[in-house]
Every structure is written in structure tokens, then in C-alpha cells.
Number of protein chains: 4
Amino acid sequence: MFERLFVPDAFRDAVAEPVWLDAMLDAERALANAGSLVGVVPPADAAAIAEQCDPSLYDADVLWTEGRAAGNPVEPLVRSLRERVGGDAAPYVHLGATSQDVLDTAAMLVSRSTAGLLGGELDDLAAACAALAQEHRSTPISARTLLQRAVPSTFGAKAAGWLVAVVDAHAQLAALHYPAQLGGAAGTLAALGPRGVEMLAAYAAELELEEPVLPWHADRGPVAAIAAALGRVAAVSAKIGVDVVLLAQTEVGEVSPREGGRSTAMPHKRNPVDAVLARACARIVHANVGVLTAGEHEHERAAGAWHAEWPALSTALAYAGGSAAAARACVQDLAVHPERMRANLAADEPDVGSAEAFVDRALARYESSRE
Amino acid sequence: MFERLFVPDAFRDAVAEPVWLDAMLDAERALANAGSLVGVVPPADAAAIAEQCDPSLYDADVLWTEGRAAGNPVEPLVRSLRERVGGDAAPYVHLGATSQDVLDTAAMLVSRSTAGLLGGELDDLAAACAALAQEHRSTPISARTLLQRAVPSTFGAKAAGWLVAVVDAHAQLAALHYPAQLGGAAGTLAALGPRGVEMLAAYAAELELEEPVLPWHADRGPVAAIAAALGRVAAVSAKIGVDVVLLAQTEVGEVSPREGGRSTAMPHKRNPVDAVLARACARIVHANVGVLTAGEHEHERAAGAWHAEWPALSTALAYAGGSAAAARACVQDLAVHPERMRANLAADEPDVGSAEAFVDRALARYESSRE
Amino acid sequence: MFERLFVPDAFRDAVAEPVWLDAMLDAERALANAGSLVGVVPPADAAAIAEQCDPSLYDADVLWTEGRAAGNPVEPLVRSLRERVGGDAAPYVHLGATSQDVLDTAAMLVSRSTAGLLGGELDDLAAACAALAQEHRSTPISARTLLQRAVPSTFGAKAAGWLVAVVDAHAQLAALHYPAQLGGAAGTLAALGPRGVEMLAAYAAELELEEPVLPWHADRGPVAAIAAALGRVAAVSAKIGVDVVLLAQTEVGEVSPREGGRSTAMPHKRNPVDAVLARACARIVHANVGVLTAGEHEHERAAGAWHAEWPALSTALAYAGGSAAAARACVQDLAVHPERMRANLAADEPDVGSAEAFVDRALARYESSRE
Amino acid sequence: MFERLFVPDAFRDAVAEPVWLDAMLDAERALANAGSLVGVVPPADAAAIAEQCDPSLYDADVLWTEGRAAGNPVEPLVRSLRERVGGDAAPYVHLGATSQDVLDTAAMLVSRSTAGLLGGELDDLAAACAALAQEHRSTPISARTLLQRAVPSTFGAKAAGWLVAVVDAHAQLAALHYPAQLGGAAGTLAALGPRGVEMLAAYAAELELEEPVLPWHADRGPVAAIAAALGRVAAVSAKIGVDVVLLAQTEVGEVSPREGGRSTAMPHKRNPVDAVLARACARIVHANVGVLTAGEHEHERAAGAWHAEWPALSTALAYAGGSAAAARACVQDLAVHPERMRANLAADEPDVGSAEAFVDRALARYESSRE
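Residues numbered from 1 in each chain as written. Chains lettered and ligands numbered in written order. Predicted model: local features only at pLDDT ≥ 70, side-chain atom pairs only at ≥ 80, totals over all residues. Heavy atoms only, no water.

> Explain the overall build of chain A to me, please; I cannot follow it from the model alone.
When helices and strands are counted, chain A shows 14 helices and 4 strands. The 371 residues of chain A split such that 68% are buried. The long-range share in chain A, meaning contacts at least 24 apart out of those at least 6 apart in sequence, stands at 78%. When the accessible surface of chain A is totalled, it reaches about 10800 Å², and 50% of it is carbon and sulfur. (Helix = DSSP H or I, 4+ residues; strand = E, 2+ residues; numbered from the N terminus. Buried < 20%, exposed > 50% of the residue type's maximum accessible area, 1.4 Å probe, protein only. Contact = heavy atoms within 4.5 Å. Areas by Shrake-Rupley, 256 points an atom, 1.4 Å probe, with all protein chains shown as cover.)

And the structure:
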């Protein structure tokens, strides 16, 4: 729903149903392999299952549509997978697991890979901010508080503020934990007998996910942490967006956005489209963050709050990508007009105080973040 | 992003990009026709434009992708439309309008038609609630406050409560206003010279939309009203959902959901999937309602808050449909267990007070709502 | 918590605990009087109860603190009232009612009176906008889209946009329904025997509140409607706020805020404090609107979602007052600089299109709204 | 506004205006002392200022009311402080600082001390959960998914789930950073000449706050992190609340809340008041978290988004306290009914799988978190 306009292809693809399907199949394969390692699934059966965990064999559209009846897409997938595997191996499909194990694990895999993409955008965005900070370390500009002209600063200091915010948001994203989910029907792994805990460890290791202390079916800490990190990425992107929109105002004119931003009514206009998109995407992210952090998950599996996470998480990931990509494009392509900054200052010898020292501190922080 | 699982096809289709495209072309056609009526577009040119306002000539995917550069899908559409029209008529394409005129008008058309669909769901949901209220007018059940057993009521009274809520939500939806949008580059219709106001009236009439007092580019009252109505539909659907989830608890067992709701771990379970989906959809609706009601729209066109409305409105409409459809299915297929209700009461001669009188009042309200 | 800074005294007072207490006592008195009229309470006992429904006899702080144990302040109030009444009349205190009847009724009374105050602010705000629209009907100004200078308009047309938004928000507020709440222990009015429905009518009439079709203990339509109206007031106030903040920018300089807005660091600054406060208050309102519209109310009384309404409604009412009052002060005290507007236009003969016609339409709408 | 009912006195006091005033005076004192250390304020003048930084000399009500004109309470405080100091020392009051420096620093101090209180509640809550987990390590109970009876688990495993969530939320809270704020008029510390950066370090050290890389006037990372942590505390408390509400249902009856929870209509009821309050408080927290995480802060000081933080942060802190305290009381006073849990199971020899192993893991995690 309008994603094509807001979200770059890479991010749309990263959270699309087929990618969720891949991740769900990764979970099923890991389950079989872990079962084989732990000794609850015969190796040959595990191999037979793994062979059928091939995304090209399934149609996400069909599974999602069928999933409406069961309330999730795992149920039709498991039926289909079991049918394909057939024979003696069939009972070992999805052994000991429940739909939520597979979907939550998939959510972690999808989040981790999308966070990787997002990290790439933030790297580029940080680099672009750092370049501006360095180049304009001493370029005088009027600081503005409550949108009123205040004392002088440097444009580099403004870019340094963006830079530190981006670096911090990136650090928060990079520090996320992605625990595997495996609890079985109701969090006890009962179907695995005494091997439950061992199996949890093996399954997490197969997927290179963190091993949780407990199944977290109804404790959504991991999801809330991802949501908070995405919210920060969006907020930082929107902050850059609002500053650029304001600096690009005709009457201020201290920066110009890239070419583009055509108007149907006024062809001469040069709208700050990337800055605008960064702000718009951030609004969508923040709305979905609320869904991901404020749910009450009843007993051992929530009757609704869990389900709402799937579209909310997909949307938050995608639009966080949209906001970061737009902010990145915005900063990369920004034309800076020092002479206009100077003219707006109306001070012959602007005292920029510690602005330059702060630029240096920001750049040092940036450098150390890359080590 | 997961819509296929939550949103019935009819609602997904109703807000899909091609439908937005249709609506945008309706706006362009209405603009040409109104121009012809008012005398600012030669009739032959208007006809030439109208002929090209055929959705089959355009590809929404392409327009939406190209729209990223302009920050909206109208700009590439107008370019393409103008090119197709060609010749002397080309300058009359989009005459006097701006992108927001077309997109906001399309938003009203898409909302109106989706609200129509939603009204159908609510009709059926109300009918199902009314049938339950009537049938179980005197079926004793324990009322429950703070989830503790309270004094007796009747199941009909509970269904009557749902019914009145649905009827009220439907009335709110049906009372919505859908104003046309036409303000030109910045709300003054300057390109239309002295015919601006006349044109606004003709354009609204062509589309059978309301004529606004002023262009509402940056006063989002119409959008906020739609959002509030969708939020009510979602809340009412979720209320039914939570009640059914609670009544269907194993220990309560006073209703059973339809067949389905299979579990991958426990094949014997009969999960209240529709009730769960109604609640999940409502969470998504409410998140997007916030985007649609709390935006600050700067000056004559917002730099971000407007853009965020497109996905938020599409999502809110679609998931409101999802929540209403799920609640409708849930109530239609509900198996009611009066003997269990009775057993849970532990009172031989339950005094249900005015419960039956309230059922009658609710049914009367329902009947009068249908006149 | 900081209300003193954001919310004028009149609005803080209007939602303070003592006012809730007054309203709760109004409900108890109405209950006794209605009982007397309907014949379930002896007139002398009703009079004895009414006599003790005197707010000066109770201490809101004490009741609210004691209310923590019961989960609401009605329980300690009823205990105290019953004790004061004593004798034969004591059993008639709170007859047939439950805590939620009294609190919901109080919520309607508090909302109605605060909406009255809010209406006064909106009247003044509309008058101030209308005065600007009239005075500056033809004052040329640059319209701005995406914060870029667009074609010319008039400052009157901008004020007319504010005006219509305010008038519409006021109309929405004025159209609110305030139903009485009376359902007894669980919505059946069982304790009143066959007189339940009659009693509901008499009780509503005593309070000059609307008689609902059913008790609405768990159907929060009336609360959601109030919330939506408050959200609109806030949005309209914030829209004025953001426009003034932007017009008052040093580089734009087309309006100046009132004296005040002192800075501790830069005594020469003249910050647009009222515009800023209008925006800040609106954010608080919108956050609380979400609480009031998205709750799931279980069965016949919600276990949490209902309770959260009390602070959320009080806060939303108070800060809606704060936002409207700030917007009103902002517009009333606005200094307009036509020469600067002209200079920013850079057009010798600005074509303002239908801007003036739109001003006339807005003023006509305003006039008709006052009839 | 209703806080007295939801928020324990300790938390109400912790965020009350007088505490903010104390913290603001701490900031002013630290500024003077740091200035003395760095050499920009004569030691005697610093001492004279510090002497007047005595909260008993000021009236928060007056300052907050006067603050309405300036848009913040620091401006009247600084005027008053400067007047009291008088003489040669007066110009050194607030040297180099701006209102936001003082308010943001105060926000960090208030947050840190309230987080300390909150940590105490979480300690007690964790201990109560751990005790339940241990005692009921092997007490069979039916797990419930989508509120349907699923396979058996142990009540200890359920309590262990709460425990790990509480421990994690506590860890998130304890890991928060509280940076000092000092940027001067617009983030350059210009009024301090070359000593700006040195001064920032000294000021932070005086307050035992972290030294930030840059002033964070318009990068609200620290506030967003606090908000996310409070949101987690609320979510965890609400999770416990919803589980207890559900387990305490009459038909389930597996736990009973403490005495209390009286009903005005049904004196025999025993409502789960603490669980209800935990859920209600959480809703208020989550609404305010949105205000604190989704603001766009323009340029070097936001015109509204910053101001909205003060009530939102105060409210979020207070109600997080309310939710945690209610959850704590709820768990501490919980009566557990193993026989009823057993009866609801309908299995003679329940296989609880790894439930006990998970209890042990949770307890180990708890123990290690206390080291």
C-alpha cells in the first residue's frame, strides 16, 4: 500500500512474504537438523526434511491466503511440507515446535537481515554527515532556536549533531539481540521429552541466533527492542529531514536539495523530496512501533497482540529503511550555500564558540564507532 | 505486508494502487469535463483528455516507482497523460490543478467506496448480532465485570450491546463527508482566473463529491473524520473479538468458534481465529488512525505529514475491513451453548432485571437504523 | 505534572478531582431523586440523601487515595455518603447503581462543562481568525507548499483556512452527545426490579443528559467521540501554531508574536511562545486520544482499559483547553507585517486568484455557524 | 489528574514540580561551581550563587505559572535567582547556559532518581516472582494459548516467564545513560569562550552525569532511551496484570488477589484491583512514550516537541512507577490455588516437559542479575 513510493526495493524485498517464507523454512530446516544432532530425528529423515525446505517449492501468496483460516501462515506451510516429505520422515517435520516458534524465529531472521541493510544505509548516511561536518567545520551559520535566529554556529556543527545521532542510532541497532524461539505447544518443549533444553541450544546454534533463557512467546522484549531501535533510526532520519526542509525554505535558502521534486503545478519548483519522504516514513515507523511495544500478550500465546506484530514489524522495518534511505540521499546530494548562510547571519565576525571543537569530537566519535 | 492474511481480497483490492490510479484518473477526467462546462477547456479537448483517462493505459507499479522522484504518483501520471493526449489539448490536461488536488480527491473516492464495502460488512455483522440478541433474549448468562462473575444477564443483552455499538459505528461511517479537493498550486485556483470558484463547484458535481467551503490542502478535517470512523469500526470489532475469545475459553466454554483455527502443535484445538484476527486488525487500524489525526500540516501543503496519509489511510481502510469481516464471520458462525451459560451461573432462578427490555430497545434501534 | 505551565487555570480547575467529586455527587443525588420520582426511594429518604450530596462535606484527596484500594474513588465516596446519611435512608444510597454508573456519568458531566469552556475559547479564536481574514482579505502573501515559496495568495485566505478549521472543530464539539450511564451491577439494572428502564430515563432527565439505548459500560462510543473532537481541536490549534512559528521565523518575518517569550540566554529574542505551547499541548492531547479510542473493554466492565480513561480524559480535556487557549492568544496578539509579506513575494502584481472569494466564503460559513 | 489513585506517593513526589525545581537548582549550582573550577566564575561569586540555590527559597507553583509567559519555568527561576544573588555575582548566575540546559539536565536528574525508585519496585517484583517460581516449580497448571487450554506446564514456569521479563526490563533501566546538557544559547557554548568544552566536562562531573559528545538539544536519544525503558517496565507489569486477571476469573480460579477490590454493587466480589491498575497505568505510560520518541526537534531547539516532553516524561515516570508497584503488590499478595490448577488440567499425569528446567534457568538468570 504505497510502499513502492516510500520504500526502496531492497527494503520492500527484505520484508516481503517470500522472505518470511524463506525464514520460516530456515526455521523448519534448523529444527530438523537440530533434532538430528540431538538425536530425536533420524539423520536421514532430517535430510529428507531439509531437502524440502526449499522456498522455490512453495507459493507465499497461497500460504498467506490459506493462513487466514488458521490465523497464521505456518499451519498451511507445515501441512504442505509434511505432505512433500511424506513417508517415515513426515512425523519428524516441525517436531516439538508450534507455529509461533517458526514465526518468531522468522521474525528474528527477517529483522536481523533487514537491520543489516539498514546498517548499510546508516553507514552511508553517517559518512555523508561526516563529510559535511568536516567540510563545513568552520562555515558560519545562524543557529536557530524555536525557529528564531539565535547566536552563530557552524554548519559543520549542525551536521555533527546529525552525525552523532546517526552513529548512536546505528550502535543501538547493531547491539540488538536476536533470540531463537522454541517452546513447543506451550513453552515447555514437552514433545521433545528430556532433550528440550538441549534442542533449544542446538536449534539456536543452527540459525546463529541467540539462545534465550526461556521461550519468549508472551514476553516480547526482543520485539520491543527492535521496535525501539527502528524508532530511533526513523527519528534521526526525520530530524535531518525537518532541518533540511527548513534550511531549504526559499527565504532561508542555505541548502538546496537534489534536482527532482517536480511540481505538477509549478514546474520551476525544486521540492526537498527526500527530506519530505524521510519525515513521512518516520511517521509510519512510529505508528507501528506503538503496536510492537504496547501489546498485552495473554498467558502463553496472545490472542491478537501477537498477530498484529507481523504486519507492524514488516512495515516498521521497511519504512525505517525508507526513512534512512531518504535521509541518506538527502544528505549525500545536498548543495550547501555558505554565502547565504553568511548573509543570514548579519554578523561580521561571528563567534562560533566551541562549534569547531564539537565537530572534532563528533568526528572522533564517528571514527571510533567504525573500529 | 501480510495483508493477504488479515484483509479479505475485496478490501485489499479496494485500496490497491490500481484503484488509487483509477480514482486519480477520475479526478483528471472530472477536471477536464468541469473545465469544459465552465468554459475554460474547449469541449473537444476535454473529450480528448477524458478518452485518455482510461486506467488500462497506465501501469500503477511504474507510476508509483517513478513517483518516488517527485514525491507523489500524480506527477508521472500527469506527464504521461499529457503526452498521450498530445496536440492542442495537452495544455488543458490537469488545468488549474496541483498534485494534491488529484491525490486528495482520489483519497475521498477510495475512502467512499471502501466505506461502502465496510458498510456491507457492518450490515451483515449487525444482522448477525441482532439474530443472536433475538434468539437469546432470555438465555441467562453470567455478566462479568473486571472479568469476575457478577450478577446474571442474558446472552441476548450481550449481543444487544454489540449490536448497538455496530449500529452506531455504521451511522458514524455513513455520515461521513467526502469533499472534493481543488485549490490549484496553492489554494487560490489562480490558474483558472475568475472561474475558480465556479470550477470547484462543477468539479465536485462531476465526481458527486461535496463542494468544500475552501480547499482543505492543509486542514485535514475530512481525513480525521474518516480516521475516527474507521477507528470506531475497529474498536467495535475488537470488542466483539475480546468477548468471544473470553467466552470461548476452555474453562468458560459458553461459545465455540467455527471449525478451523487449527494448531500446528495441538490438532485437537479449535482456536477462535476470527475473534483473534478482529483484535489484531484493530490494533493496526488504531496505529494508523494516529497518523491521520495528529499531523501538523505546514502552510499550504505539508512537507511529510500529508505524504504519510497515503499508506496510513490505505492501511486503515483495509484493516478496518479486515476487522469488520473477521468480527462478522465470528458472530455469524458462533455456536452458543446455553446449557454451559446456565451451569456457570449457579443460580436456580436468575434475576436478569431489565436485560430483556434492553434487548428490545436495541432491536428497535437496529430496526430504525435500517429505515 | 507541569499542567500549571500549559493549561490555563480555568481548564485545570474544570477537570480537577474536586470537580469530578462534584459530578459524582450530582450523579448520586440524581439517583436518589429519580428513585423518588419512580417510586423506589421514599421521598424523605431521597431528600436526606440529596442533603448529604454536598461537595463541601468530602475531601477529594482522601477519596482518591482511598480509592486506590477499591480501584476507583466511588467506592469510598459511597461508603462515606451512606454513613453520613445513616438511619433508614442509608440503604437507598446508590440504589441500583454501580461505581461505573457514577464515574461514567461524572465523566460526561465533566466533559460537557469543559467542552463548554472550550467552546468559549474556540469562539474567541474564530473571532480573531475572522478579524484577520477580513482585515487582510487582499493582503498579498506568498503561499508556501512543502515550505517552498509557491504562487501568491492573501494573508486573509490563510486566516480563512484557520477560521474554517476552527468553525468545523467547534461544530464537532458542539454536536457531541453526553449520555447518562446507569446499568447497575452488570448492565441489567436488576436491583431496580421492573422499574429499571423507567429509572434510567428519570436519572438522565435529572442530569439533563441523554438517555442511552443501553448502558454503555463496555461500549465506549461516547468517550471515543469526545476524544475525536478534542483531537480535532488540538490539531486545529497546532496547525495555527506551526504556521505562526514558520511565519515568525527571522528570515520570513511576516508576523510577530506578542511581547514575552523571553530567552534566558538571549534577552533580545521574541519567541513565539503561544504558538509553541499550542503545538506542545496538541501532542499531549493526541497521545491521550489514543488511550480513549483504542481500548478493548472486556465483557460488562473492562479490567484496566476503563480505568485508564480517567486520567486520559482529564488530561485530554485540559490540554485541549491549553492548546485552544494558546492558539487564541497567539492569533489575538499577532502583529502582521504586510510590507514584509509583499517583499517576500517578489512579484509586482501578484495574481491571488480566488483567494478573496474564498475569504468571503469562509466568513459566510463563520456567520452562519453563529446563528 | 487522578494520579493519586494510580501512582504511589513516592512516585508522585518524585516527579512533582518541587523536585524538578530542586533539580533545576542543582543544575544552576553545578554551573556556578564548574565555572569556579574552570576559572570563569570567581570562587566567591560561585559560593554566593550556590547559597541561593536552596529550594526552600522558591515556590514551584509561582515559577510554573510565571513560566507560561516564557514558555518554560527556567526563565522566571533565573530572574529570581539573579535578583537574590545580586551585586557583582549576579552576572555569573546561569553563565553560559540556556533554559534548555537547565531543564534537560533536570530531566536527567529527575529520571535518574525516579529510575532508582523504580528499580526498587522491580527488585521486589522480581523477588516475588522468583519466590513463586521456586515454590511452584513443579505445580502443574494448564498452559493456555490464544486463551484455549493447551498442554500442561507448571505455575512456576509462568512465574519464571514474568521473572525473566522483569529482570530484563530492570537491566534495560539500569543501563540507561544520563548525560548532562550544556550548550548555551544554541549549542556552541559561545558565552564561555575557549573554556566551553572544559566547562561541559566540569559541569557533568559536578552532577555525576555523563559528559555527552555534543549538546543534545535537538537529538533526543537520551530521552527516547528512557522512554523505551519505561515502556518495557509498563509492558512487563501489564503482562503480569493480564495473566492474573485471567487466572483470577471465577471460572478459572487458579489465583486470588488480595483482599480489597470492593465493589459498590456487589460487596461479595474480590476484584483483582492491583492487576487492573497495573494494566491501566501501562496504557498511560505507552501513550506518553509515543510523545517522547516520535518528536521532530527543529534546528537547535524544537518549537513544541521539546516542551511536550516535560509533562510526558513526568507522567511516564510516575505511571511506570504505578504499574510496577501495582504488579509488585499483585504478585506479592497472590494466593495460589494448586488444587484448582490441577482440577483444570484434566490430566492425571501431566507431562510438563522442560518447564522445571526453564524455572531453574530463570532463577539462575535472576541470581546472576543480582551480582
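Still more to cover.
> Could you clarify how one ought to interpret the packing of helix H5 (residues 60–70) of chain B against helix H6 (residues 74–85) of chain B in this entry?
Two packed helices can be described by the angle between their axes and the distance between those axes. Residue and element names in this part refer to chain B. Interhelical geometry of H5 versus H6 gives an angle of 115 degrees and a closest axis separation of 7 Å. With respect to their mutual orientation, H5 and H6 come out roughly perpendicular. Of the residues in H6, those in contact with Leu63, Glu66, Gly67 and Ala70 of H5 are Glu75, Pro76, Leu77 and Arg79. Residue composition of the contact of H5 with H6, grouped by class: 4 nonpolar, 1 polar and 3 charged. (Axes fitted to C-alpha atoms, helices over the stretch in contact; angles between N-to-C directions. Parallel < 35°, antiparallel > 145°, perpendicular 65-115°, else oblique. Nonpolar A, V, L, I, M, F, W, Y, C, P; charged D, E, K, R; others polar.)

> Please explain the relation of the copies chain A and chain C as it appears in this structure.
The relation between the two copies of this chain is a rotation about an axis and a shift parallel to it. Once turned by 180 degrees and shifted 0.0 Å along the axis, chain A lies on chain C with an RMSD of 0.0 Å. In short, the pair behaves as if placed about a two-fold rotation axis. Minimal C-alpha separation from the rotation axis in chain A is found for Glu251(A), amounting to 2.9 Å. With an isologous cut-off of 70% or more, the 100% of interface residues of chain A that recur at the interface of chain C puts this contact in the isologous class. (Least-squares fit on C-alpha atoms with pLDDT ≥ 70 in both.)

> Can you walk me through the pattern of salt bridges in this structure?
Between side chains of opposite charge, pairing is possible as soon as their charged atoms come close. Applying the stated criterion across every chain yields a total of 92 salt bridges over all chains. Across the pair Glu251(D) and Arg149(B) runs a salt bridge, and its minimum N-O distance is 3.3 Å. Of this pair, Glu251(D) sits in the loop between helix H10 (221–247) and strand E3 (255–256) while Arg149(B) sits in strand E2 (residues 148–154), on two different chains. Linking Asp61(D) and Arg4(C) is a salt bridge whose minimum nitrogen-to-oxygen distance equals 3.3 Å. You can see Asp61(D) sitting in helix H5 (residues 60–70) and its partner Arg4(C) sitting in helix H1 (residues 3–6), one on each of two chains. The partly exposed category is assigned to Arg4(C), whose relative accessible area is 24%. (Salt bridge = Lys/Arg side-chain N within 4 Å of Asp/Glu carboxyl O.)

> In this structure, what is going on with the relation of the copies chain A and chain B? I would like to understand it.
By a simple turn and slide, chain A fits onto chain B: the slide is 0.0 Å along the axis, the RMSD is 0.0 Å, and the turn is 180 degrees. Most of the interface of chain A is mirrored in chain B: 100% of its interface residues are interface residues there too.

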